[in-house]
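An overview of the molecular structure
Below are the chains, spelled out letter by letter.
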Amino acid sequence: MNLEQLMKVAQNLVVPGKGLLAADESSGTIQKRFDTIKVENTEENRRDYRELLFRSTEAMKQHVSGVILFDETIRQKAKDGTPLVKLIEASGAIPGIKVDKGAKPLPFCPGETVTEGLDGLADRLKEYYGLGARFAKWRAVIDIGERKPSYTSILANAQALARYAALCQQADIVPIVEPEVLMDGDHDLATCERVTEWVLKEVYQQLYYAQVVLEGSVLKPNMVVSGKKNPKQAGVQEVAEATIRVLKRCVPAAVPGIAFLSGGQSDIDATAHLDAMNRIGGLPWKLSFSYGRALQAAPQQAWAGKSANVAAAQKAFSHRAKMNGLATLGQWKKDLEKAA
Ligand code: 13P
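So, here's what we can say about the structure.

Rules of the game
- Residues numbered from 1 in each chain as written.
- Predicted model: local features only at pLDDT ≥ 70, side-chain atom pairs only at ≥ 80, totals over all residues.
- Heavy atoms only, no water.
- Helix = DSSP H or I, 4+ residues; strand = E, 2+ residues; numbered from the N terminus.
- Buried < 20%, exposed > 50% of the residue type's maximum accessible area, 1.4 Å probe, protein only.
- Salt bridge = Lys/Arg side-chain N within 4 Å of Asp/Glu carboxyl O.
- Patch = residues over 30% accessible without salt bridge, like charges linked within 9 Å, V, L, I, M, F, W, Y side chains within 5 Å.
- Areas by Shrake-Rupley, 256 points an atom, 1.4 Å probe, with all protein chains shown as cover.
- Lys, Arg positive; Asp, Glu negative; His and termini not counted.
- Charge placed at Lys NZ, Arg CZ, Asp CG, Glu CD.

1. Focus on the environment of Asp-24
- Within the secondary structure, Asp-24 sits in the loop between strand E1 (19–22) and helix H2 (27–36).
- With a relative accessible area of 4%, Asp-24 lands in the buried category.
- When the C-alpha positions of Asp-24 and Arg-139 are compared, they lie 11 Å apart, and in sequence the two are 115 residues distant.

2. What about the pattern of salt bridges?
- According to the stated counting rule, one finds 21 salt bridges in the structure shown.
- The residue Asp-48 makes a salt bridge to Lys-79 at a minimum N-O spacing of 3.8 Å. Taken together, the residues span a long stretch of sequence, with Asp-48 in helix H3 (residues 43–54) and Lys-79 in the loop between helix H5 (71–74) and helix H6 (84–90) at a distance of 31 residues.
- Take Asp-48: its relative accessible area is 21%, and that puts it in the partly exposed class.
- Arg-279 is the partner of Asp-275 in a salt bridge, and the nearest nitrogen-oxygen pair spans 2.7 Å. Placement of both Asp-275 and Arg-279 in helix H11 (residues 267–280) is noted, with a separation of 4 residues, approximately one turn of the helix.
- Take Arg-279: its relative accessible area is 48%, and that puts it in the partly exposed class.
- The network of salt bridges with common partners includes Asp-24, Lys-98, Lys-137, Arg-139, Glu-178 and Glu-180.

3. Quick notes on a positive patch on the surface
- A cluster of basic residues, Lys-32, Lys-228, Lys-229 and Arg-293, forms a positive patch at the surface.
- Relative to the helices and strands, Arg-293 resides in helix H12 (residues 293–303).

4. Details of the pairing of strand E3 (residues 94–98)
- Burial of E3 is extensive: 5 of the 5 residues sit out of reach of the surface.
- Here E3 shows two buried faces, one formed by Ile-94, Gly-96 and Lys-98 and the other by Pro-95 and Ile-97.

This is the structure in structure tokens:
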């Protein structure tokens, strides 16, 4: 294990002003995204769309530290034959890879899942390193609901995350550790806070048992928010304070950075929350973004599968990347959204 390289990559992923583009939608997930813009889910369309993002030069150079890819994309070539990985590297961003194989039903835990993908992972990581990946992602999913989450699901997911993270570091790949507490229910902010704290405590315990070196890892958590179906939605400052409170209780200062997922928040909420947290300041870790939907919804709408719209889509993507880049510095302002 090359700890120095791991630490350098982890620090670069969360460098202030930049964040991660999560473009690792599986074929099923990108299908859902393309359905909303009425684009056929073909390999060519997936390539054209992602090429458009990676060729958004300004956004990529100035505001994107790394890109999370899906297995298909890390092997794909742009229309002119350049490997997509090379486009990303040329912009100065670091290529990464999603290595989990999805959340699967967990026995005896109705409605809960455990993320699979450990079998053969050591060999896959070796191949991905050869293809240019310097970091990886594994997403565990925890749902809040009646009798959910169970400790069974929290423990199983935390143990899988820990084994994944150790395998990554052994392969000189920085693990992004992603335990996502879903915001889908009607629960309140306090419930999300309690569950997120429980999950993160268990995750860091299991990372310790697996001998993961925290300095060479990045955490990708949910923010502490009200459930989407709860009529009483917590405000920006409340979300920021609750999230910071939980992170301070659970995440060791040795972790270089935390890159949040957007998880179904609106584009502006995801930016405003990150900005508010960075304005609080005095934190031991960098706070950044690793957004999928909150970076891509706007460019997807603008593109709608038409080559004539590529420039407009790139503009929309660049704008969101810039806004989130400012939020990593605590320098975003709502007026900047209107101006655009
Ligand atoms: P969202 O920001 O859309 O939640 O996606 C981030 C991600 O990578 C989820 O695994």
